[in-house]
Amino acid sequence: MKLMKRVPGVIALIFAVLLSTNIKAQDSDIVDLAVATDELSTLVTAVQAAGLVETLKSDGPFTVFAPTNAAFDALPEGVLDMLLKPENKDKLTAVLTYHVVPAEVMSGDLEDGMMAGTVQGSKAKITLMNGKAMVDGATVMMADVDASNGVVHVIDQVILPPSIKEALASAEKEKKDKDW
């Protein structure tokens, strides 16, 4: 419930920061935009831990579905800490590259039911409902933030590739079976 009360404030903060950086956004790459946005600091930490900074600073073009700090906080307990461990760099990379499409996709290009091919290799489902765009169930809170090497769409959830979802579900089932 506390999270729901914070969402409008977070959205306003993201909007204000991104709007204030919009004039220089086209001169900034995707990483620079994320670094300049306090509500994307967890994403920046994860991108650094995965060693993806140089990739996301390259020419692109890329479309990044950027989860907010609140989105990372909403992951099941321990998942983010587990992903940030050096021995799980491959899993973290899979999660982060699932948020990246290797092309510039503006919100006007989205179609209901389309499948967006991600850098990770799996496809994420795009849904358009009531004037909102969603990617794998995550709502796009702010769309079309231009960068010099692509575009950023801020989302309210961390989206997980099918392989990671399966692993988490299996671990959860194993934990429940143990508790019996």
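Scroll up a little and you will see the structure.
Okay, so let's go over this structure. (Residues numbered from 1 in each chain as written. Predicted model: local features only at pLDDT ≥ 70, side-chain atom pairs only at ≥ 80, totals over all residues. Heavy atoms only, no water.)

Each neighbour pair has its own omega, and for Gly60 with Pro61 the value is 10°, a cis peptide bond. For Pro61, the position within the fold is in the loop between α4 (53-57) and β1 (62-67). Positive phi values are uncommon outside glycine, yet Asp136 reaches one of about 50°. Turning to its location among the elements, Asp136 is positioned in the loop between β5 (132-135) and β6 (138-147). Residue Asp144 is not a glycine yet carries a positive backbone phi of 60°. (Helix = DSSP H or I, 4+ residues; strand = E, 2+ residues; numbered from the N terminus.)

Turning our attention to the pattern of salt bridges. In the structure shown here, the tally under the stated rule is two salt bridges. In this structure, Lys57 engages Asp29 in a salt bridge whose closest nitrogen and oxygen atoms are separated by 2.8 Å. Separated by 28 residues along the polypeptide, Lys57 in helix α4 and Asp29 in the loop between α1 (2-25) and α2 (30-35) bring together distant segments of the chain. Accessibility expressed as a relative area gives 31% for Lys57, which makes it partly exposed. Note that Asp32 is salt-bridged to Lys57, the shortest N-O span being 2.9 Å. In this pair, Asp32 sits in helix α2 while Lys57 sits in helix α4, placing the two residues 25 residues apart along the sequence. (Salt bridge = Lys/Arg side-chain N within 4 Å of Asp/Glu carboxyl O. Buried < 20%, exposed > 50% of the residue type's maximum accessible area, 1.4 Å probe, protein only.)

To summarise the sheet geometry, strands pair through backbone hydrogen bonds and adopt either a parallel or an antiparallel arrangement. Strand order in the open sheet formed by seven strands is β2-β1-β7-β6-β5-β4-β3, and the pairing between neighbours is mixed. Bordering the open sheet on either side are β2 (100-101) and β3 (115-117), each of which pairs with just one other strand. (Pairing = 2+ DSSP bridges.)

Moving on to the layout of surface pockets. In this structure, the largest pocket spans a volume of roughly 240 Å³. If you go around the largest pocket, you meet 23 residues; those closest to its centre are Ile30, Leu43, Val47, Leu56 and Val64. Looking at the lining of the largest pocket, the elements with two or more residues in it are α2, α3 (41-50), α4, β1 and α7 (89-97). (1 Å grid on protein atoms, 1.4 Å probe; cavity = no way out; pocket = protein on both sides within 12 Å on 5 of 7 lines; lining within 4 Å. Points joined across faces, edges and corners; volume = space filled by probe spheres on them.)

For soluble globular proteins, nonpolar side chains are generally found buried alongside one another. The biggest cluster of nonpolar side chains holds 33 residues, and the ones touching the most others in it are Leu56, Val64, Leu96 and Val158. In terms of residue count, α3 provides more of this core than any other element does, five residues in total. Ignoring sequence-local partners within four residues, the contact set of Leu96 consists of Leu43, Ala46, Val47, Ala50 and Leu52. Core analysis: the second largest hydrophobic core is formed by 14 residues, Val101, Leu110, Val135 and Val140 among them. (Core = buried A, V, L, I, M, F, W, Y, C linked by side-chain atoms within 4.5 Å. Contact = heavy atoms within 4.5 Å.)

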